[in-house]
Amino acid sequence: MASGLRLLLVPLLLLCAAPRHSPHIIGDIYPIMFSVILGFSNGLFGSVPMIMAPSRVGREHREIAGNMMTLSYNGGLLSGTLVSYLLLNMLGPPTGSPCRIYPTPPLPTLPPIITTPSNISFITTPH
């Protein structure tokens, strides 16, 4: 049930980006918070069962249980990627620059150092 509730984070993240010109959920903290929750819950409800599954079955089925968990996890990654491309296509083309542009002051420059033969000195050592 907890894994299914994670699906609610997908529309919330989508509302942070849609529509592109004026998202429904405004602010930087919300997408960061939703991403942190998604990452934490992915570790808790995705990785922990994958680690523990082979120890919950009989000795003769441990290898196949590990393989099935790996296959299902990779299937989930693949389907998540495909859904993300679908959602990105639904959002339409980006409007303007994807990054905010902040004005920066010009950096101070130093004059070049020019060495002439008169500035070079040699240290002599006795032989």
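Definitions and limits used
Residues numbered from 1 in each chain as written. Predicted model: local features only at pLDDT ≥ 70, side-chain atom pairs only at ≥ 80, totals over all residues. Heavy atoms only, no water. Helix = DSSP H or I, 4+ residues; strand = E, 2+ residues; numbered from the N terminus. Expected span 1.5 Å × (residues − 1). Buried < 20%, exposed > 50% of the residue type's maximum accessible area, 1.4 Å probe, protein only. Contact = heavy atoms within 4.5 Å. Bend = angle between axes of the 7 residues up to and from the residue.

Q: I tried to follow helix 4 (residues 62-91) on my own but got confused; where do I start?
A: Each α-helix turn comprises 3.6 residues. Residues three or four places apart therefore point the same way. The first and last C-alpha atoms of helix 4 sit 43 Å apart over 30 residues, in line with the 44 Å expected at 1.5 Å per residue. Buried within helix 4 we find Ala-65, Gly-66 and Leu-87. Residues of helix 4 that are buried sit in contact with helix 2 (9-15). Taken from the residues just after helix 4, Gly-92 is the one with a positive phi, measuring 90 degrees.

Q: Any chance you could explain helix 3 (residues 29-52) here in plain terms?
A: Here helix 3 spans 34 Å end to end across 24 residues, near enough to the 34 Å set by a 1.5 Å rise per residue. Maximum bend of helix 3: about 25 degrees, positioned at Asn-42. All of the buried residues along helix 3 are Phe-34, Ser-41 and Gly-46. Where the residues of helix 3 are buried, they touch helix 2 and helix 4.

Shape descriptors only; they carry no functional weight alone.
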